[in-house]
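Here's the letter readout for the chains.
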Amino acid sequence: MRIAVLRDYQSLSERAAALVSARIGKKPTAVLGLATGSTPLGLYRELVKAAQRGLVDFSGVTTFNLDEYYPIERESLQSYYYYMQQHFWGPLGICPGRAHIPDGRAGDIAGVCSDYEQKIMDAGGIDLQILGIGVNGHIGFNEPGAALSAKTHLASLSAETIAANSRFFEDRDAVPRRAISMGLGTIMKAREILLLASGSEKARAIGETVRGKLTTKVPASLLQAHPRVTVMVDRAAACCLR
Ligand code: PGA
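All values reported here derive from a predicted model rather than from experimental measurement. (Residues numbered from 1 in each chain as written. Predicted model: local features only at pLDDT ≥ 70, side-chain atom pairs only at ≥ 80, totals over all residues. Heavy atoms only, no water.)

*Asks:* I'd like to hear about the side chain of Ser-21, residue by residue, with values.
*Replies:* Mapped onto the elements of the fold, Ser-21 is located in helix H1 (residues 9-26). What Ser-21 contacts, discounting residues up to four positions off in sequence, is Leu-47 and Val-56. (Helix = DSSP H or I, 4+ residues; strand = E, 2+ residues; numbered from the N terminus. Contact = heavy atoms within 4.5 Å.)

*Asks:* Can you break down the sheet that holds strand E5 (residues 99-100) residue by residue, with the values?
*Replies:* Overall, parallel pairing links the seven strands, which are arranged E1-E10-E9-E6-E2-E3-E5 in an open sheet. Both edges of this open sheet fall to strand E1 (2-6) and E5, since each of them pairs with a single strand only. In terms of strand pairing, strand E3 (residues 62-65) meets E5 through two bridges, oriented parallel. Residue Thr-63 lies in a different strand from E5, and its bridge partner there is Ala-99. Seen against the sheet, helix H3 (residues 80-92) touches strand E2 (31-34), E3 and E5 and runs at an angle of roughly 155° to E3. (Pairing = 2+ DSSP bridges. Axes fitted to C-alpha atoms, helices over the stretch in contact; angles between N-to-C directions.)

*Asks:* So what about the packing of aromatic side chains? Which residues, and what values?
*Replies:* All told, the structure shown has nine aromatic pairs when counted by the stated rule. With a centroid separation of 5.4 Å and an interplanar angle of 80°, the aromatic rings of Tyr-69 and Phe-169 are classed as edge-to-face. Of the two residues, Tyr-69 is situated in strand E4 (residues 67-70) and Phe-169 in the loop between helix H5 (159-165) and strand E8 (178-181); the sequence distance between them amounts to 100 residues. Put simply, the rings of Tyr-44, Phe-58, Tyr-83 and Phe-88 touch in pairs and so form one group of aromatic residues. (Phe/Tyr/Trp six-rings, centres within 6.5 Å; stacked < 30°, edge-to-face > 60°.)

*Asks:* Got a sec to walk through the pattern of salt bridges? Specific residues and values, please.
*Replies:* It is possible for side chains of opposite charge to pair when their charged atoms get near one another. Under the criterion given, the structure shown has eight salt bridges. Ionic pairing is found between Lys-49 and Glu-46, a salt bridge with its closest N-O pair at 3.2 Å. Of this pair, Lys-49 and Glu-46 both sit in helix H2 (residues 41-52), three residues apart, roughly one helical turn. Across the pair Arg-228 and Glu-192 runs a salt bridge whose closest N-O atoms are separated by 3.4 Å. Of this pair, Arg-228 sits in the loop between helix H7 (203-211) and strand E10 (229-234) while Glu-192 sits in strand E9 (residues 192-197); the two residues are 36 residues apart in sequence, bridging distant segments of the chain. Residue classification places Arg-228 among the partly exposed residues on the basis of a relative accessible area of 43%. (Salt bridge = Lys/Arg side-chain N within 4 Å of Asp/Glu carboxyl O. Buried < 20%, exposed > 50% of the residue type's maximum accessible area, 1.4 Å probe, protein only.)

What follows is the structure, given as structure tokens:
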């Protein structure tokens, strides 16, 4: 694992955007795995700026999101579809055929999950997977105890995740209890992984991910077994690494 500690959230976002842009510069048809949540917002803002300045070209890029709540309508302000449209696909003009996210309205969940895996394979696999991390060490909605080999599946949110994500909803009861998420097996197949974390509330999870034992109790610790991972954190999130 390569660890990069940046001064603050803005430096983290700029450094992450530079890494993503460099990979697209080398491979204009790159396949990106994308995360939602608060952490990658700065990265997306910097990538949109870079694209508007002509420094990076997303026209050949294909994207696959990690997860989507279930059930949820696309138009819902809390859906990850809506988030991506607002912060990334929309401003970058990414063609809908190249921007993928699990369907939170699907009736046939098993079909949606296996289709999603197939689409990733048909696209040639994920070149660079962006990840955030939960306070409990989850990645995607792979909560503590998640199966190591899992593919895209219907996951149940842990109580900690429901509490953490309730800030985006009216209250805790409004948070969907389930989500369609890439599995740990899907994530580990990405050729490269960039995990981002900001703020002291992530410090313990980052400490356990980087310095702790490899255990499904901290799903992100599995990344220790991946050959090409960069953990990019700001100083607050790095405080357990000293
Ligand atoms: P956050 O979420 O970026 O909103 O903190 C990260 C996650 O739960 O994976």
